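# An overview of the molecular structure
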Amino acid sequence: MNVGYRPIAKKGVPALERSRLSHVFQNYFRPETLSLANVPLVQRQAGLRLAQAWGGGLVAAVDGMRFVVPVPSVFARPNRKFFGSKRGMTWLNAINDQGVGRGAKVVSGTVRDSLHMVDVIFGLDGGELPEIVVSDTGSYSDIVFGLLELLGISYRPALADLPDQKGWRISPDADYGPLNTFARGKIDLRKIRRNWDDILRVVASIYTGTVRAYDVITMLQRDGHPTALGEAIAAYGRIFKSLHILAYIDVDETYRRDIKHIRNLQEGRHDLARRICHGRKGELHHRYERGLENQLGVLGLVLNCVVLWTTVYLDAAVAQLKAQGYPVREQDMARLSPFVRQHLGVRGTYSFLLPDLAPGAIRDLRDPDASHDGDDED
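Residues numbered from 1 in each chain as written. Predicted model: local features only at pLDDT ≥ 70, side-chain atom pairs only at ≥ 80, totals over all residues. Heavy atoms only, no water.

The name given to the protein in an unreviewed UniProt entry is Tn3 transposase DDE domain-containing protein, with Acrocarpospora pleiomorpha as the source organism.

Structure, rendered in structure tokens:
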């Protein structure tokens, strides 16, 4: 919550002594252990009936959340649009369609997310790789389109200025009627064929983790201009970019709705993250990359704990309504949000007393129409 140890430390409670908290954070909180801690949360969320109504867990969205870093830091970069007169960094994170975070990467400043997005996807915390990935324009490039398609993942970015986007054709003489203006780009299949063996080597290296996708994408673009191999991968990607745009504007509206849904889902997660990480005005005060990775890794873990807790109780409430004969429709269940926050208390006194419950049991559900005394936040 970005509040430091003082509000949480409790003298006389061994697990909450300040020295103990500091020891645990310094020795056990690191990206590898936080990733392992997320795995059972992702698995538990996937087993809940309500989460299954939200999605199958194989659709992911990747987006960046910006943080100001007001202290001198070699990792922070200036960007007046996002940080004003200060410097900052980006938390590039992935979420699945069940509302749970699957992984993240700390990115210096506001460099284009497309350089890092594939690494986020292939560094997910447990579970299967997604079948579909959604992003905004900041994470998009033709090379990323080509790499993800070659890696077996359908890429569906929400492209800005869609009416001005260029489509690509293979046959220069084909007549597409009203789409001729759209299909004004030409794909040279010979470039793809000439580089096909090298393309497969690059893709296999990323898939097996032999190299980072960031290093590959950087290598394929020298001074902003693609190499011959980079241009071949981009040309391959433009085939699927054109199909994606056509599907977005002309196919069943569920295609557009599904993209918009998971983008909104991620915005809801970022909004909840701002509420939880409220201390120090939401600014991060670490001077080194490792400190930023640890703090934001913990933020991702806490977000998943909150989302799982909320989903468990929403799922129980839905089950109780069904048992009472209330007509609960699937489409209404799909509209419930795991990011509600009326029940969350992030300011004030923190209590760590465990409720007297049997393993796996949850608290009795409250009657929303009855009045309650005391604090309703958990």
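From this point, the discussion proceeds with the structure in view.
### A few points about the pattern of salt bridges
On inspection of all chains with the given rule, the structure shows 16 salt bridges. Its salt-bridge partner being D63, residue R263 comes within 3.7 Å of it at the nearest N-O pair. Note that R263 is positioned in helix α11 (residues 254-276) and D63 in strand β1 (residues 59-68), a separation of 200 residues in sequence. As far as the burial class goes, R263 and D63 line up, both buried. The partner of D188 in a salt bridge is R190, with the nearest N and O atoms 3.1 Å apart. A residue is classified by how much of its surface remains accessible, and D188, at 18% relative accessible area, is buried. What makes R190 exposed here is its relative accessible area of 54%. Sharing partners across several salt bridges, the network here consists of D142, E231 and R238. (Salt bridge = Lys/Arg side-chain N within 4 Å of Asp/Glu carboxyl O. Helix = DSSP H or I, 4+ residues; strand = E, 2+ residues; numbered from the N terminus. Buried < 20%, exposed > 50% of the residue type's maximum accessible area, 1.4 Å probe, protein only.)

### Let's talk about the packing of helix α6 (residues 142-150) against helix α10 (residues 228-250)
Interaxial distance between α6 and α10 falls to 6 Å at its minimum, and their mutual angle equals 80 degrees. In terms of orientation, α6 lies roughly perpendicular with respect to α10. On α10, the residues that touch D142, I143, F145, G146, L147, E149 and L150 of α6 are G230, I233, A234, Y236, G237, R238, F240, K241 and H244. Considered class by class, the residues forming the contact of α6 with α10 number 8 nonpolar, 4 polar and 4 charged. (Axes fitted to C-alpha atoms, helices over the stretch in contact; angles between N-to-C directions. Parallel < 35°, antiparallel > 145°, perpendicular 65-115°, else oblique. Contact = heavy atoms within 4.5 Å. Nonpolar A, V, L, I, M, F, W, Y, C, P; charged D, E, K, R; others polar.)

### A few points about the UniProt feature "domain: Tn3 transposase DDE" (unreviewed entry) in the protein
UniProt marks residues 1-350 with the feature "domain: Tn3 transposase DDE" (unreviewed entry), using the numbering shown here. From the first C-alpha to the last, residues 1-350 spans 12 Å; its make-up is 46% helix and 13% strand. (UniProt positions renumbered as here; feature names shortened; annotations may be inferred.)

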